[in-house]
Amino acid sequence: MGLTDDFDSDENKTGLPVIYMSVGVISFILFIVCVVLVVNREERYSEKARAAAERKQQEAQIEEEAASGPKLGESTLTSDQLDFWDMYKDDTSDLGDTKTLSENDYAAKAQALREEEEEKEKDLSEGGIKTKVTLPDGSEQWIMINSYIAKNKYDYVGMVSQEPLMKYYENGQKISYMGVDVSKSTGTVNFAQLKNAGIEYAMIRLGSRGYSTGQLSIDENYITNMEDAKSAGLSVGVTFYSQAVTVEEAAEEAELVLANLADYNITYPVVFHMDMIANDQARTDTLSKMQLTEIAAAFCDRVAEAGYTPMIYGDKYWLLRKIDLTKLGKYEIWLSQSEDIPDYPYTFSMWQYTQSGKIPGITGEANLSISFVNYDMR
């Protein structure tokens, strides 16, 4: 019995050291972990401290350089030393060697290049929304195209120039008629030679009103031109140069025209012509757009009442800026534009394409026109 009790007692005593040993190992491991964490934290703090110190050092250096360097506006650097100028190399590549250009030459070339690029980028008709007008001072202006005014539908592929004549074809058939307009300033006209040269109609100045005096007069060559043109077999229309400043004066002009047409049979239009006087003042200069429109309408209304075809003559500027076409839509238009192809957006029946033509029958420069309408058939 004693042996058994001794064995049990020794077994119980050996279990306690094992427990103590386990606790000791765990404590040691925890101690090591704590030491590592403390060391790592101290290293991180050291890194932050070093970074802060470096920043302070850099700031101090920058302040020192700023204090000792050139002040604002005193830098000695040139544009060639600044790297960012290379960003614009493509924009000025067409200027050539810019280092050899003077400041004025550089600016002029740069402006020309910008204008060229803008011209390439924009459609001249602004997508059919605008049209460009040249003002009397030579400047240009884009104006809106009125969607309520009838547009011209000519296909200019069919326009054929056979100097000095202009012809227009549709579906392979010529549907145009060649004309000339004459007045005392044209001088003596040989209408037979004009007809042989291809002229089919003549627009003859009947009279005018003085742009300063306001006095009415009949063109000195009116009767001779009218009789010679008809004798040569040409169709005839007439023009009147107006400087009316009231609707009453416009009606007076129309009456003068009708009185001097009584002895002649004409088939082409009776034309109202008013425009700017170059290099001088005219009695119509101060008239508003509304007044000019009413004057044109008064003349044309009276002509229409008498059974003739009224027409309004003008260049692009006059037609689009000086009168209101929305109130004159029932009258036909004779466009004056010395271009290879007109860019007038609205409908027109006749086109004066040159005022400096050369043609047999007229000594000097001739005003030549093309009509898209055969007025003889009306």
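Here, the structure is the one placed above.
How each quantity is defined
- Residues numbered from 1 in each chain as written.
- Predicted model: local features only at pLDDT ≥ 70, side-chain atom pairs only at ≥ 80, totals over all residues.
- Heavy atoms only, no water.
- Helix = DSSP H or I, 4+ residues; strand = E, 2+ residues; numbered from the N terminus.
- Buried < 20%, exposed > 50% of the residue type's maximum accessible area, 1.4 Å probe, protein only.
- Contact = heavy atoms within 4.5 Å.
- Areas by Shrake-Rupley, 256 points an atom, 1.4 Å probe, with all protein chains shown as cover.
- Expected span 1.5 Å × (residues − 1).
- Pairing = 2+ DSSP bridges.
- Arc of directions from axis to C-beta.
- Polar contact = N/O pair within 3.5 Å; in protein donor to acceptor, adjacent residues only side chain to side chain.
- Salt bridge = Lys/Arg side-chain N within 4 Å of Asp/Glu carboxyl O.
- Phe/Tyr/Trp six-rings, centres within 6.5 Å; stacked < 30°, edge-to-face > 60°.

A.B. asks: What is the right way to look at the overall build of the chain in this model?
C.D. replies: Check the secondary structure of the chain and you find seven helices and 14 strands. Looking at the chain as a whole, 33% of its 378 residues qualify as buried. In the chain, of all internal contacts separated by at least 6 residues, the share reaching a separation of at least 24 is 60%. When the accessible surface of the chain is split by element, carbon and sulfur atoms take 52% of a total near 23700 Å².

A.B. asks: Help me out: how do you make sense of helix α5 (residues 247–261) in this one?
C.D. replies: An α-helical turn contains 3.6 residues, so any two residues separated by three or four positions project in the same direction. With 15 residues, α5 ought to run about 21 Å at 1.5 Å a step, and its terminal C-alpha atoms sit 21 Å apart, in line with that. Close packing links the buried residues of α5 with β7 (201–209), β8 (216–218), α4 (222–231), β9 (235–241), β10 (270–273) and α6 (289–305).

A.B. asks: What is the right way to read the sheet that holds strand β3 (residues 159–162) from this model?
C.D. replies: Backbone-to-backbone hydrogen bonds join strands into a sheet, with any given pair of strands oriented parallel or antiparallel. In spatial order, the strands read β3-β4-β5; together these three strands make up an open sheet with antiparallel pairing. Looking at the sheet topology across the chains shown, the edges are occupied by β3 and β5 (173–174). Across four bridges, β3 lies against strand β4 (residues 165–170) in antiparallel orientation. Bridge pairing in β4 links Met159 to Tyr168.

A.B. asks: I tried to follow unusual backbone geometry on my own but got confused; where do I start?
C.D. replies: Among all residues save glycine, negative phi is the norm, and among peptide bonds the norm is trans. Cis geometry marks the peptide bond from Glu163 to Pro164, where omega comes out at 5°. Along the polypeptide, Pro164 turns up in the loop between β3 and β4. Even without being a glycine, Asn171 presents a positive backbone phi close to 55°. Checked against the element boundaries, Asn171 lands in the loop between β4 and β5. Positive phi, close to 60°, is recorded for Asn279, a residue that is not glycine. Relative to the helices and strands, Asn279 is located in the loop between β10 and α6.

A.B. asks: Would you mind showing me how to read α4 here?
C.D. replies: Buried residues of α4: Tyr222, Asn225, Met226 and Ala229, and no others. One face of α4 carries all of its buried residues, which in axial projection span an arc of 100°. Looking at the buried side of α4, the elements it contacts are β6 (177–182), α3 (191–196), β7, β8, β9 and α5.

A.B. asks: What is the right way to read the side chain of Ser371 from this model?
C.D. replies: Relative to the helices and strands, Ser371 is located in strand β14 (residues 366–371). Ser371 gets classed as buried once you look at its relative accessible area, which sits at 0%. For Ser371, the side chain forms a polar contact with the main-chain oxygen of Val373, separated by 2.7 Å. Here Ser371 is in contact with Ile175, Ser176, Tyr177, Tyr201, Tyr268, Ser349 and Met350, once residues within four sequence places are set aside.

A.B. asks: So what exactly am I meant to see when it comes to the pattern of salt bridges here?
C.D. replies: Should their charged atoms come close, side chains of opposite charge can pair. For the structure on display, the rule yields twelve salt bridges. Between Lys330 and Asp301 there is a salt bridge; the shortest N-O distance is 3.8 Å. One end of the pair, Lys330, is in the loop between α7 (316–322) and β12 (332–336); the other, Asp301, is in helix α6, with 29 residues separating them in the sequence. Residue Lys330 is classed as exposed on the basis of its relative accessible area, which comes to 66%. With a relative accessible area of 29%, Asp301 lands in the partly exposed category. When the shortest N-O distance is used, the salt bridge between Lys316 and Asp343 registers 3.0 Å. Residue Lys316 is found in helix α7, and its partner Asp343 is found in the loop between β12 and β13 (350–357); the two are separated by 27 residues along the sequence. Accessibility expressed as a relative area gives 7% for Lys316, which makes it buried. A cluster of three or more residues bridged by salt bridges with shared partners is formed by Arg209, Glu249, Glu252, Glu253 and Arg283.

A.B. asks: Is there a simple way to explain the side chain of Glu332 in this structure?
C.D. replies: With respect to the helices and strands, the residue Glu332 is situated in strand β12. A relative accessible area of 15% means that Glu332 is categorised as buried. Only 2.4 Å separates the side chain of Glu332 from the side chain of Arg378, close enough to count as a polar contact. Those residues within four positions of Glu332 in sequence are excluded, and the remaining contacts are Thr309, Pro310, Met311, Ile312, Ser349, Tyr375 and Arg378.

A.B. asks: Whenever I open this one, the packing of aromatic side chains confuses me. Can you help?
C.D. replies: In this description, a pair of aromatic rings is defined by centroid distance and the angle of the planes. Considering all chains together, one arrives at 15 aromatic pairs under this definition. Each ring, one from Tyr222 and one from Tyr264, has its centre 6.1 Å from the other, and the planes form 85°; the classification is edge-to-face. Linking Tyr222 in helix α4 with Tyr264 in the loop between α5 and β10, this pair joins segments that are 42 residues apart in sequence. What makes Tyr222 buried here is its relative accessible area of 1%. One aromatic cluster is present, built from ring pairs that chain together Tyr154, Tyr156, Tyr168, Tyr344, Tyr346, Phe348 and Phe372.

Functional significance is not addressed by these values, which are geometric in nature.
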